[in-house]
Amino acid sequence: QLKKNVDDLQAKLTHAKGEYKSALRNLEMISDEIHERRRSCSIGPRERGVGAEGDGVIGEDLSGFKMESDGIS
């Protein structure tokens, strides 16, 4: 009975690995298709992300910046 259980579990594992491999292959195909569409479209380069409202200066001078007290700390 234990041998049969092990054999059944090994068969299920092999099947699950096959499905997982297929899913990964499909995801890779989708990713490749998305990248190809981005390359072929005349959308241009990606814009700055959400929250990137600064002027693009890295390492801004914050020496004149003053935090307001919230009265709690």
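Worth saying up front: this structure is predicted, and the values here are computed from it rather than measured.

### A few points about the overall build of the protein
Here comes step 1: When you go through the protein residue by residue, the secondary structure sums to 1 helix and 0 strands.
Here comes step 2: Per-residue burial for the protein yields a buried fraction of 0% across its 73 residues.
Here comes step 3: Looking at the protein as shown, the accessible area adds up to about 7,600 Å², and 57% of this sits on carbon and sulfur atoms.

### Examining the pattern of salt bridges
Working definition: two side chains of opposite charge can pair if their charged atoms are close together.
Here comes step 1: Taken as a whole and judged by the stated rule, the model has 4 salt bridges.
Here comes step 2: Ionic pairing is found between glutamate 33 and arginine 37, a salt bridge with its closest N-O pair at 2.7 Å. Placement of both glutamate 33 and arginine 37 in helix H1 (residues 2-40) is noted, with a separation of 4 residues, approximately one turn of the helix.
Here comes step 3: Classification of arginine 37 as exposed rests on a relative accessible area of 52%.
Here comes step 4: A salt bridge links glutamate 36 to arginine 39, with the shortest nitrogen-to-oxygen separation between them at 3.1 Å. Of this pair, glutamate 36 and arginine 39 both sit in helix H1, separated by 3 residues, roughly a single helical turn.
Here comes step 5: Judged by its relative accessible area of 42%, glutamate 36 falls in the partly exposed class.
Here comes step 6: For arginine 39, a relative accessible area of 60% puts it in the exposed group.

The rules behind each value
- Residues numbered from 1 in each chain as written.
- Predicted model: local features only at pLDDT ≥ 70, side-chain atom pairs only at ≥ 80, totals over all residues.
- Heavy atoms only, no water.
- Helix = DSSP H or I, 4+ residues; strand = E, 2+ residues; numbered from the N terminus.
- Buried < 20%, exposed > 50% of the residue type's maximum accessible area, 1.4 Å probe, protein only.
- Areas by Shrake-Rupley, 256 points an atom, 1.4 Å probe, with all protein chains shown as cover.
- Salt bridge = Lys/Arg side-chain N within 4 Å of Asp/Glu carboxyl O.

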